[in-house]
Amino acid sequence: MRRPHATVTHSGPASARRALVTRLEEAGVLVTPGWRAAVGGVPRELFLEPGVFLPEGGGRWRPVVGGAADPEEWVRVAYSDASLTTQLDGRVTADQVDGAVTGSPTSSSTTPVTVVGMLESLEVSEGHQVLEIGTGTGYSAGLMCHRLGVDHVTTVEVDPAVWARADAALEAAGFSTWTVCGDGLLGHPRRAPYDRTIATCAVRRIPYAWIRQTRPGGLVLATVGGDWQYGTGLAKVTVGEDGSAEGRIVGRSSFMQARSQVPAPVAGDLSARTAYADSERAAEVPPVLLEEWMPAFLAQLAAPGAQFVRATARDGSRLLHLFDPERESFAAFAPDGDGWTVRQGGPVALWDGIERALTAWRDAGSPDITAVRLRVTARSHTYWIDGSPALRWEHRLA
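The text that follows walks through the structure, step by step, so that each part is easy to find. (Residues numbered from 1 in each chain as written. Predicted model: local features only at pLDDT ≥ 70, side-chain atom pairs only at ≥ 80, totals over all residues. Heavy atoms only, no water.)

Let us now look at the sheet that holds strand β13 (residues 279-282). With respect to topology, 5 strands assemble into an open sheet ordered β13-β17-β16-β15-β14, the strand pairing being antiparallel. Two strands bound the open sheet, and with one partner strand each, they are β13 and β14 (307-312). Strand-to-strand twist across the sheet, computed as the mean angle between neighbouring axes with direction ignored, equals 20°. Across 4 bridges, the pairing between β13 and strand β17 (residues 339-345) is antiparallel. By the bridge assignment, Ala 282 is partnered in β17 with Thr 341. (Pairing = 2+ DSSP bridges. Helix = DSSP H or I, 4+ residues; strand = E, 2+ residues; numbered from the N terminus. Axes fitted to C-alpha atoms, helices over the stretch in contact; angles between N-to-C directions.)

Encoded structure:
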């Protein structure tokens with residue numbers, strides 16, 4: 001898939017929508033007439049009110065308020081090929097601040113190439129009922145309403161303020177659909193069963209409630225992985241008559257983690273947290289591999305509760321760590337000549353399992369993330385790569 005060109009030169013919203021359609025078509029993302037009409041007909045700018053935050057560097061964000069912004073800048077921002085942050089720290093919106101601020105993004109409007117690519121992967125047909133987890137700005141729900149009709153879309157958002165803004169935007173765009181404020185990890189059984197379920201947040205595993213609420217033969221599309229904000233994959237599974245679901249990872253995907261699954265950041269003196277190691281040895285695989293997408297995905301399958309933490313020593317050298325607070329275990333890495341030393345502590349040797357996975361992956365020819373298959377049941381998630389017995393993981397729920 002080619003990335004769309006990032007320049008928007010048209011000043012009016014209608015022209016900008018036509019230009020967006022063209023860019024997405026040229027990128028090979030937008031291929032279906034129904035979605036082409038939706039992208040050309042749904043005003044993305046309505047779903048960005050009251051405004052967005054643009055990165056300024058140094059962890060600072062510049063607010064751009066819809067009604068107060070220069071009209072041409074607002075259109076350019078709204079139809080840019082970028083994810084646009086709409087909330088910081090779970091509460092702050094662009095209309096509430098004057099000038100650049102610091103903060104952590106907690107809600108956003110995902111880049112159009114990602115939104116449209118996922119909708120195309122959903123394989124919808126006329127009459128399908130769709131459940132969306134993570135309403136966000138409401139833009140993707142608006143596209144689905146345009147494509148399928150308002151009575152065929154149910155969208156769930158956990159943040160009351162975000163839900164209220166999305167609901168108002170959908171109404172303003174003419175889509176009086178089913179918007180729900182609640183925990184999307186539980187789905188929405190009242191409107192079940194659904195033909196398609198799509199999540200616009202990342203989850204550690206596909207909640208079985210989504211499988212249970214999707215018809216046999218229906219599809220569930222969700223970003224799965226750990227908490228690293230990268231190294232996650234877009235899972236596409238088909239629900240079976242027996243209540244299980246099976247499919248594969250269809251590509252890379254990155255979304256904000258579901259609110260209830262966001263881990264507490266590892267804080268404090270890292271040297272104190274790693275003071276008492278049970279073992280020390282040379283790492284057979286360099287831990288810097290964890291900064292690459294597929295190795296990071298495999299690491300999160302091998303050690304699903306681990307967090308990857310980077311730090312700098314007083315002498316300026318790089319320090320890398322893995323922490324699993326729930327299992328009270330850690331792995332700490334330090335450069336050692338041309339290699340790395342790993343110290344491990346706690347009941348679980350975190351790096352041993354990850355290292356075995358990375359070694360097996362290399363021995364298998366370093367397959368892409370799309371080689372990963374998965375099966376979901378009420379009791380477990382199983383991931384595997386065909387032909388590689390060492391690349392198989394079962395995450396049991398009970």
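On to the pairing of strand β18 (residues 372-376). Only one face of β18 is buried: it carries Val 372, Leu 374 and Val 376, and the other face, with Arg 373 and Arg 375, is open. Pairing of strand β12 (residues 245-252) with β18 involves 4 bridges; the strand directions are antiparallel. When the bridges of β18 are listed, Ala 245 appears paired with Val 376. For β18 and strand β19 (residues 380-385), the ladder comprises 5 bridges, and the chain directions are antiparallel. If you follow Arg 375 over to β19, its bridge partner there is Thr 382. Here β18 hands over to β19 after 3 residues, the two strands then running antiparallel side by side. (Buried < 20%, exposed > 50% of the residue type's maximum accessible area, 1.4 Å probe, protein only.)

So, on to the sheet that holds strand β7 (residues 153-157). What the 10 strands build is an open sheet, ordered β8-β7-β6-β9-β10-β11-β12-β18-β19-β20; its pairing is mixed. Where the open sheet ends on each side, the last strands, each with one partner, are β8 (178-181) and β20 (392-396). Each strand of the sheet is rotated relative to its neighbour by a mean of 15°, with strand direction disregarded. Taken strand by strand, helix α6 (residues 160-172) contacts β7 and β8, and its axis lies near 170° from that of β8. Sitting on the sheet, helix α9 (residues 293-302) touches β10 (214-224), β11 (233-239), β12, β18, β19 and β20, and the angle it makes with β20 is about 45°. (Contact = heavy atoms within 4.5 Å.)

This next bit is on the packing of aromatic side chains. For any pair of aromatic rings, geometry is given as the distance between the ring centres together with the angle between the planes. All chains considered together, the criterion is met by 5 aromatic pairs. Measuring from centroid to centroid gives 6.0 Å for Phe 47 and Tyr 139, while their planes differ by 65°, and the two rings are edge-to-face. Remark: Tyr 139 occurs in helix α5 (residues 139-148) and Phe 47 occurs in the loop between α2 (33-41) and β1 (51-57); sequence separation between them is 92 residues. Taken individually, Phe 47 and Tyr 139 each receive the classification buried, so the pair is uniform in this respect. What links up through ring pairs into an aromatic cluster is the set Trp 228, Tyr 230, Trp 293 and Phe 308. (Phe/Tyr/Trp six-rings, centres within 6.5 Å; stacked < 30°, edge-to-face > 60°.)

Okay, the packing of helix α1 (residues 13-26) against α2 next. Contact geometry of α1 with α2 gives a least axis separation of 8 Å together with a crossing angle of 145°. In contact with Arg 17, Leu 20, Val 21, Leu 24 and Glu 25 of α1, α2 contributes Arg 36, Val 39, Gly 40 and Gly 41. Considered class by class, the residues forming the contact of α1 with α2 number 4 nonpolar, 2 polar and 3 charged. (Nonpolar A, V, L, I, M, F, W, Y, C, P; charged D, E, K, R; others polar.)

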